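One letter stands for each residue in the lines below.
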Amino acid sequence: MRRVLKKKNIALMIIVAGILFLVVILNIPLKTYVDKSLNCIDTNSQDTIIVTISGTMYSYLLKDDLFIGTIEVQGKRLNTGTFELRNDMYTNLTDNYGQPMEMVLQFDNFSYVNIAGTDYSISSEWNPEWNEKFQRQKKINKFLNHIFKE
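Because the structure is predicted, anything quoted here is derived from the model rather than measured.

Peer 1: Tell me about the nonpolar core, and please be specific about residues and values.
Peer 2: One finds V51, I53 and F67 to be the most contacted residues of the largest nonpolar core, which totals 19 residues. Only β1 (30-42), β2 (48-59), β3 (65-73), β4 (77-85) and β7 (112-116) provide two or more residues apiece to this core. A per-element tally of this core places β2 first, with four residues. Residues in contact with F67, not counting those within four places in the same chain, are V34, I53, S54, G55, T56, M57, G81, T82, F83, L85 and F110. In this structure, M89, L105, Y112 and F134 belong to the second largest nonpolar core, which totals six residues.

This is how it looks when you write it as structure tokens:
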């Protein structure tokens, strides 16, 4: 009888240790340094506006990614801080009071950006080779949102 209980306890401890190990592993982010200047086109004026991004991207498997650094929209806005990327793609630039202003869509560690504000809307050039990866990312986000947020 004691042997059976010992075996069950050992098995339970192994399962618990495995679950804890998995939780720890899934919360370790992939860190990527980002330092980019993107030529963006304003959809209204067709002017070129440079967006400069520098900082560190923290990519997680099961939770929203984080970007810690600076995003500067030439002549429009400069934000430095921590940006939570909802669905690993969306964040906001903020005003001097911390209120959300422009909406930012980024893809592939800021290889592409689309920024929409009240007085401008700009985007960098989209690479058609990203289409498949973008669609896959959207499907993953939809699946994760269904599982964890409902």
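Peer 1: Can you break down the sheet that holds β3 residue by residue, with the values?
Peer 2: Across the sheet, which stays open at both edges, the eight strands sit in the order β4-β3-β2-β1-β8-β7-β6-β5 with antiparallel pairing between neighbours. Single-partner strands in this sheet number two, and they are β4 and β5 (90-94). The average undirected angle you get between the axes of adjacent strands in this sheet is 25°. Across eight bridges, the pairing between β2 and β3 is antiparallel. Each residue of the ladder has a partner; that of Y58, found in β3, is L66.

Here is what the cut-offs are and how they apply
Residues numbered from 1 in each chain as written. Predicted model: local features only at pLDDT ≥ 70, side-chain atom pairs only at ≥ 80, totals over all residues. Heavy atoms only, no water. Core = buried A, V, L, I, M, F, W, Y, C linked by side-chain atoms within 4.5 Å. Buried < 20%, exposed > 50% of the residue type's maximum accessible area, 1.4 Å probe, protein only. Helix = DSSP H or I, 4+ residues; strand = E, 2+ residues; numbered from the N terminus. Contact = heavy atoms within 4.5 Å. Pairing = 2+ DSSP bridges. Axes fitted to C-alpha atoms, helices over the stretch in contact; angles between N-to-C directions.

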